[in-house]
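Examination of the molecular architecture
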Amino acid sequence: MVLMIWLRRILTSLLSVLLFICLMAVVTAVSFNLNLSKPDRVESWLQQSDIYGHWIADVTNQSQQSTGGQDNSGSVSLSDAAVKQAAESAFSPKLIQSDVQEFLDGNYSWLQGKTDKPQFNINLTSAKAQFANQVGQYVKTYLKGLPVCTTGQLSQILNPNQDPLSLTCRPAAMNVDAEADQVTQQLANGSNFMSNTLITPATLTAGDESSQPYFTKVSFLPKIYSWAKKLPLILAVSSVVLTVLIFFSATTRRRGVRRIAEIFMLSGVLLLLKKLVADIAIKHINYDKVRTHLFGGADNASSGPLQHSLQNFVQRAVDSLTKPDLWFGAAFVLFAGILILLLVLSRERRLRLPALPQLPNRQPNESSAPAVKPEPAPVVPKLAPAKRSVSIDGLAPKPTARPRPTNLRPMSTNSGQPKPKTRKPPRLIQ
């Protein structure tokens, strides 16, 4: 009996651990299916955070830092306001958004098993050519508006191939159209600004020495994605089954309900704390390092437009991913509170019930037949004392015998009362 109780306790403890794991895992699975099962939610985060509008400006700044403020040929400074405006016009937010959506749709089709590999083709060659043409046209307009250099000004120009936008006068021998065409060709064929204008699954490598495409390196992701879609239902059914098993495996029903309430309360409190910690953590992330890791370039401690957009994106993503923690945490705590309240009410009701009368303990050899009530002993009437008669010769008186009543019943021999004692006659003294 004692061994059976200990076995049930061990089984209840194991089932409790499994139930806790299932409750925490089902919330994560639900959050994944609500936010990451389709590309629509990710696209909305990107659009609302305005990353598309600030991405090209950050790429221009990074190219400027890597080239010392000029393109690889040293012709045009990328820090010029007109050059940045041309880049933002050629690589418009609408174009970047369309390419990102194509990238996400192609990868999700691969994850969902619709294609054997991601299918997308992002071609920015025409946009880069448009950018180069706009800058070349601006250089031509700028140079034509400059006055012709004097002999003194011409002697101060040390490098004839310096940035044409930095000139304050135009040399008389300068061919403006040829200079503008040269700038256009340098930007269109340059390798420091938007060097990779054609992005396909084959060009995105896994980052190792083998140079394999990324989808080959992570070919297991479609299977994980398929199981992740089924996990919420599997974990929810498992949680219900484990709850029922804990209820029946406990030594008493009240202990089973109490153990279930404890597990749900612990899970709910941890989920609420997880939501709170996530909200605090996103405020202390170094978004400049995140930007450098995602988009490349050197670290820059100064806050820029892209950094603020990235912070907005992370906050939206974390808030959406942890919102199920808040919902399920509150639901688990409420369910545990109801169970605890039922336990308290049932205990108080048991204490208020009147005590039941206790039956007398029977001896093992007692018969189960009802006891027979013994008959009362017959009442024997008391006899009057006999009258004494005095003899004439002075002798002692002799008792006169009284007639015995004939209607008396004989005493039962099996009654517990003793027989009445008969008085002996006194002896005569001679």
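Relevant structure appears above.
Residues numbered from 1 in each chain as written. Predicted model: local features only at pLDDT ≥ 70, side-chain atom pairs only at ≥ 80, totals over all residues. Heavy atoms only, no water.

Here the focus is the overall build of the chain. Secondary structure summary: the chain contains 13 helices and four strands in total. Accessible surface, the chain as shown: approximately 29000 Å² in total, 60% of it carbon and sulfur. (Helix = DSSP H or I, 4+ residues; strand = E, 2+ residues; numbered from the N terminus. Areas by Shrake-Rupley, 256 points an atom, 1.4 Å probe, with all protein chains shown as cover.)

It is the contact of helix H5 (residues 93-111) with helix H10 (residues 221-249), at a shortest axis distance of 8 Å, that shows an interaxial angle of 75°. By the angle between their axes, H5 is roughly perpendicular relative to H10. Of the residues in H10, those touching H5 at Tyr 108, Trp 110 and Leu 111 are Leu 221, Pro 222 and Tyr 225. Looking at the contact of H5 with H10 residue by residue, the class counts come to six nonpolar, no polar and no charged. (Axes fitted to C-alpha atoms, helices over the stretch in contact; angles between N-to-C directions. Parallel < 35°, antiparallel > 145°, perpendicular 65-115°, else oblique. Contact = heavy atoms within 4.5 Å. Nonpolar A, V, L, I, M, F, W, Y, C, P; charged D, E, K, R; others polar.)

The next point concerns unusual backbone geometry. If you check the backbone angles, Asp 50 has positive phi at about 60° while not being a glycine. Relative to the elements of secondary structure, Asp 50 occurs in the loop between helix H2 (39-49) and helix H3 (51-67). The class of Asp 50 is partly exposed, set by a relative accessible area of 37%. (Buried < 20%, exposed > 50% of the residue type's maximum accessible area, 1.4 Å probe, protein only.)

Next up on the list: the pattern of salt bridges. Summed over the entire model, instances satisfying the criterion amount to six salt bridges. One salt bridge in this structure joins Asp 319 and Lys 275, with 3.2 Å as the shortest N-O distance. Of this pair, Asp 319 sits in helix H13 (residues 305-352) while Lys 275 sits in helix H11 (residues 253-281), and the two are 44 residues apart along the sequence. Through salt bridges that share partners, Lys 275, Asp 279, Asp 319 and Lys 323 make up one connected network. (Salt bridge = Lys/Arg side-chain N within 4 Å of Asp/Glu carboxyl O.)

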